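So the chains spell out like this:
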Amino acid sequence: MLSRLFAVLSLALAAQIAAPMALAQGQNAVSLSGDVQVVRTIEENGTARTVLEPPTQVVPGDRLVFSTSYRNTSGQVVEDFVITNPLPAAVVLAENGAFAVSVDGAKSFGSLASLSVTLEDGATRPAELADVTHVRWTLDRLEPGASGSVTYFATIR
Amino acid sequence: MEHAHLRIAALTGTLLATAALASPALAAGVTAGTLIENTASASYNTGGPTQSVDSNTVSFRVAELLDVAVASQDPAALPVVGSTVLTFSVTNTGNGEEPFVLTAEPAVAGNDFDVTIDNLAIDTNNNGVYDPGIDTLLTNGATSAPIDPDQAITVFVLVTAPAGLTDAQASQVRLTAASATGTGTPGTTFAGAGDDGVDAVVGSTGADDDDTGSLVASVASVNLVKSATILDPFGGNQPLPGAVVTFTLAASVTGSGAINDLTINDAIPASTTYAAGTLTLDAGALTDAADTDAGTASASGIAVSLGTVAAGSSHTVTFQVEID
């Protein structure tokens, strides 16, 4: 009985020791943290006000803001820093922004205006917000300790 | 609410994103309970090989939007004599599987008369026509089976008009469909009451809707006018013995619809004798015998069978008698 308890304890200890070690081995120079909020318009005393709320009771047509915070947690300069965010299938990009987009599942990126979509009959049409599958931010260089965040707005289909 | 099919239709990913593009978005939107997950990734280098890192995944489920649309499917007011069937469509314009409470209200402001609601029926075989014995009957005020998002059912309202209606009297019947989960002002929330246990949120319709179907009384009535002209033996018009009296019976059907099995009967007045072979219908001669034509005549009286006479038509029967 006692020996079994000890075995369990030592297992737990081993797990505690192993975890930080694994983290250290695969440690990233950059940390990314995602968040999503729903954009609601609240009317108070006849004036409309926009507030961000946690994504509860979200229904089709609601507007969301997806954000990703980044930080260079290392002592080194980070280069060629690119954040890519696949859009969930259930949302459509609500507005263009300071990012490149892909309308072909991340095969190619560019400004929305520069992209086109090939139709079933082989013809092409200019890409629209609803065609966007990925958004991408290119930040190039992060000094040690530098941080920031990127966002995109989307609407529930 | 109803049924907790897990619909994880929206995993973040290229494959699914492409699939969503191929099919156009539904009017009702993403189904309730759909899991939305978002993960960003970054690539970079610190002078060496390219490295990558993923963000945490943020996820939430889409809530159930409660919305409904009811529309009368009858192109015009239904003529009613006795019983008839009104047709409505009930469309689930929300994004979840939702049953609706269906209530037909016969007393609508402005009605000339109110019908009795006999039953509701769901168009089970989806042919748009009420089929007794096939389409599922539903008690007035009962709840429908769950309707899928963006899907419609046809609801029949079986009504009986009261007796004693006058032609062209009008009536309306209102069918209301209310979300079984609940109704209220838009934005009202029912925690955990949606599909897969998500919250249910009342949409712009208030989660209920109604429409009216119109009925118009179709009642035909008969006017019978009898007149007589006399021709006496001296060329005058005095009712003397030997004078011939021509009776004219003008039957006209007014209103709408038709009168079935209309027969005009008249007795030969006392102290007169039927002049054989003088019976006519609409200026055409009828034999006195009971045979294939519409009329019979005898010493006691005449009878002309007109069958079904549509409203708006009229018929004239004449016969002659001689004053004894």
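So, how was this worked out
Numbering of residues starts from 1 in each chain and follows the order in which that chain's sequence is written. To read the labels, note that chains go from A and ligands from 1, taken in the order they are written. Two thresholds apply to this predicted model, a pLDDT of at least 70 for residue-level local features and 80 or more for giving and counting side-chain atom pairs, whereas whole-chain, interface and lining totals are computed over all residues. Note that water and hydrogens are dropped before the side-chain values are worked out from all heavy atoms of the structure. Each helix corresponds to a stretch of at least 4 residues labelled H or I by DSSP, and each strand to a stretch of at least 2 residues labelled E; elements are numbered beginning at the N terminus. With C-alpha atoms as the basis for the radius of gyration, the globule rule is written as 2.2 Å multiplied by the number of residues raised to the power 0.38. The buried label applies to any residue whose accessible area, calculated with a 1.4 Å probe on protein chains only, is under 20% of its type's maximum; exposed applies above 50%, and partly exposed to all values in between. We call two residues in contact when some of their heavy atoms are within 4.5 Å. For every accessible area listed, the method is Shrake-Rupley and the probe measures 1.4 Å; residues are considered covered only by the protein chains on display. Counting rule applied: Lys, Arg positive; Asp, Glu negative; His and chain ends not counted. Positions of charges follow a simple convention, taking NZ of Lys, CZ of Arg, CG of Asp or CD of Glu. Whenever Lys or Arg places a side-chain nitrogen within 4 Å of a carboxyl oxygen from Asp or Glu, that contact is recorded as a salt bridge. Any residue that is not Ala, Val, Leu, Ile, Met, Phe, Trp, Tyr, Cys, Pro, Asp, Glu, Lys or Arg is counted as polar, Gly included; the first ten are nonpolar and the last four charged. When DSSP finds two or more bridges between two strands, those strands count as paired. pLDDT expresses how confident the predictor is about each individual residue, on a scale running from 0 to 100. Note on definitions: angles span 0 to 180 degrees between N-to-C directions of axes, and those axes are lines fitted to C-alpha atoms, for helices only across the stretch in contact. We define a nonpolar core as any set of buried Ala, Val, Leu, Ile, Met, Phe, Trp, Tyr and Cys residues linked to one another through side-chain atoms lying within 4.5 Å. Note on aromatic pairs: the rings of Phe, Tyr and Trp (six-membered ring only in Trp) are paired at centre separations within 6.5 Å, and the planes decide the class, stacked below 30 degrees, edge-to-face beyond 60, tilted for the rest. Definition used: whenever NZ (Lys) or CZ (Arg) falls within 6 Å of the ring centre and also within 35 degrees of the ring normal, the charge is taken to sit over that ring.

The next point concerns the overall build of chain B. Assigned secondary structure in chain B consists of 1 helix and 25 strands. Over its C-alpha trace chain B gives a radius of gyration of 36 Å, far above what one expects of a compact globule, namely 20 Å for 324 residues. Referenced to the eigenvectors of the C-alpha coordinate spread, the extents of chain B come out at roughly 140 × 35 × 30 Å. When burial is assessed residue by residue, chain B has 41% of its 324 residues classed as buried. A separation of at least 24 residues holds for 72% of the contacts in chain B among residues at least 6 apart in sequence. Total accessible area computed for chain B in this model is approximately 14,700 Å², and 55% of it derives from carbon and sulfur atoms. Positive and negative side-chain charges of chain B, numbering 4 and 34 respectively, have mean locations separated by a distance of 9 Å.

Facing 38 residues of chain B, the contacting portion of chain A comprises 40 residues. For the interface between chain B and chain A, the tally reads 0 salt bridges. Sorting the residues of the side of chain B that touches chain A by element identifies α1 (14-22), β1 (35-38), β2 (41-45), β3 (51-54), β4 (58-61) and β5 (64-66) of chain B as the ones contributing at least two each. Counted by class, the side of chain B that touches chain A contains 19 nonpolar, 15 polar and 4 charged residues. As paired strands, strand β4 (residues 78-86) of chain A and β2 of chain B are joined by 4 bridges and run antiparallel to one another. When the sheet's bridge partners are listed, T84 of chain A is paired in β2 of chain B with S41 of chain B.

When pLDDT is low, close inspection of the predicted coordinates is not appropriate. All names here are of chain B. With 91% of its residues at a pLDDT of at least 70, chain B reaches an overall mean of 90. The low-confidence segment residues 1-26, where pLDDT is below 50, has 59 contacts with residues more than four positions distant or belonging to other chains. Scored as a whole, the predicted complex attains pTM 0.73, and scored at its interfaces, ipTM 0.80.

All names here are of chain B. By the element assignment, D293 lies in the loop between β22 (284-285) and β23 (295-297). For D293, a relative accessible area of 23% puts it in the partly exposed group. Put simply, D293 and S305 are 12 residues apart on the chain and 8.8 Å apart in space, counted from C-alpha to C-alpha. Apart from residues no more than four positions distant in its own chain, D293 is found in contact with L286 and T287.

All names here are of chain A. For the structure shown, the criterion picks out 10 salt bridges over all chains. Taking the shortest distance from any N to any O, the salt bridge between E53 and R40 comes out at 3.0 Å. Highlighted residues: E53 in strand β2 (residues 47-53) and R40 in strand β1 (residues 30-44), separated in sequence by 13 residues. Ionic pairing is found between R63 and E95, a salt bridge with its closest N-O pair at 2.4 Å.

Let us look at the sheet that holds strand β24 (residues 301-310) of chain B. Residues and elements named next belong to chain B. Strand order in the open sheet formed by 3 strands is β19-β24-β23, and the pairing between neighbours is antiparallel. Sheet topology places β19 (258-267) and β23 at the edges, where each strand pairs with a single neighbour. The average undirected angle you get between the axes of adjacent strands in this sheet is 15 degrees. Alignment of β23 against β24, held across 3 bridges, turns out to be antiparallel. Bridging across to β24, G295 finds its partner in V304.

A few words now on the nonpolar core. Of all hydrophobic cores here, the largest spans 40 residues; its most connected members are V30 and F81 of chain A. The set of elements that each furnish at least two residues to this core consists of β1, β3 (63-72), β4, β5 (91-93), β9 (134-142) and β10 (147-156) of chain A together with β2 and β4 of chain B. Those residues in contact with F81 of chain A that sit more than four places away from it in its chain are V30, L32, Y70, W137, T138, L139, D140 and L142 of chain A together with A42, S43 and Y44 of chain B. Core analysis: the second largest hydrophobic core is formed by 28 residues, V68, A104, F113 and V159 of chain B among them.

A separate point is unusual backbone geometry. Phi is positive for Q57 of chain A, which is not a glycine, with a value near 50 degrees. Assignment of secondary structure puts Q57 of chain A in the loop between β2 and β3. Owing to a relative accessible area of 30%, Q57 of chain A belongs among the partly exposed residues under this scheme. The phi angle at D150 of chain B is positive, at roughly 70 degrees, despite the residue not being glycine. Mapped onto the fold, D150 of chain B is located in the loop between β11 (136-138) and β12 (152-160). We classify D150 of chain B as partly exposed; its relative accessible area is 25%.

Before going further, it helps to examine the packing of aromatic side chains. Throughout the structure, instances matching the rule amount to 7 aromatic pairs over all chains. Considering the side-chain rings of F66 of chain A and Y152 of chain A, the 5.0 Å spacing of their centres and the 20 degrees angle between planes classify their relative orientation as stacked. Of the two residues, F66 of chain A sits in strand β3 while Y152 of chain A sits in strand β10, which places them 86 residues apart along the sequence. Centre to centre, the rings of W137 of chain A and Y152 of chain A are 6.5 Å apart; their planes meet at 35 degrees, and the pair counts as tilted. Taken together, the residues W137 of chain A in strand β9 and Y152 of chain A in strand β10 connect sequence positions 15 residues apart. Classification of W137 of chain A as buried rests on a relative accessible area of 7%. Here the aromatic cluster, defined as three or more aromatic residues joined through ring pairs, consists of F66, F99, W137 and Y152 of chain A. Lying over the aromatic face of F109 of chain A, R136 of chain A brings its terminal NZ or CZ to 3.9 Å of the ring centre. For the cation-ring pair, K226 of chain B lies above F247 of chain B, with the distance from its terminal atom to the ring centre recorded as 4.7 Å.

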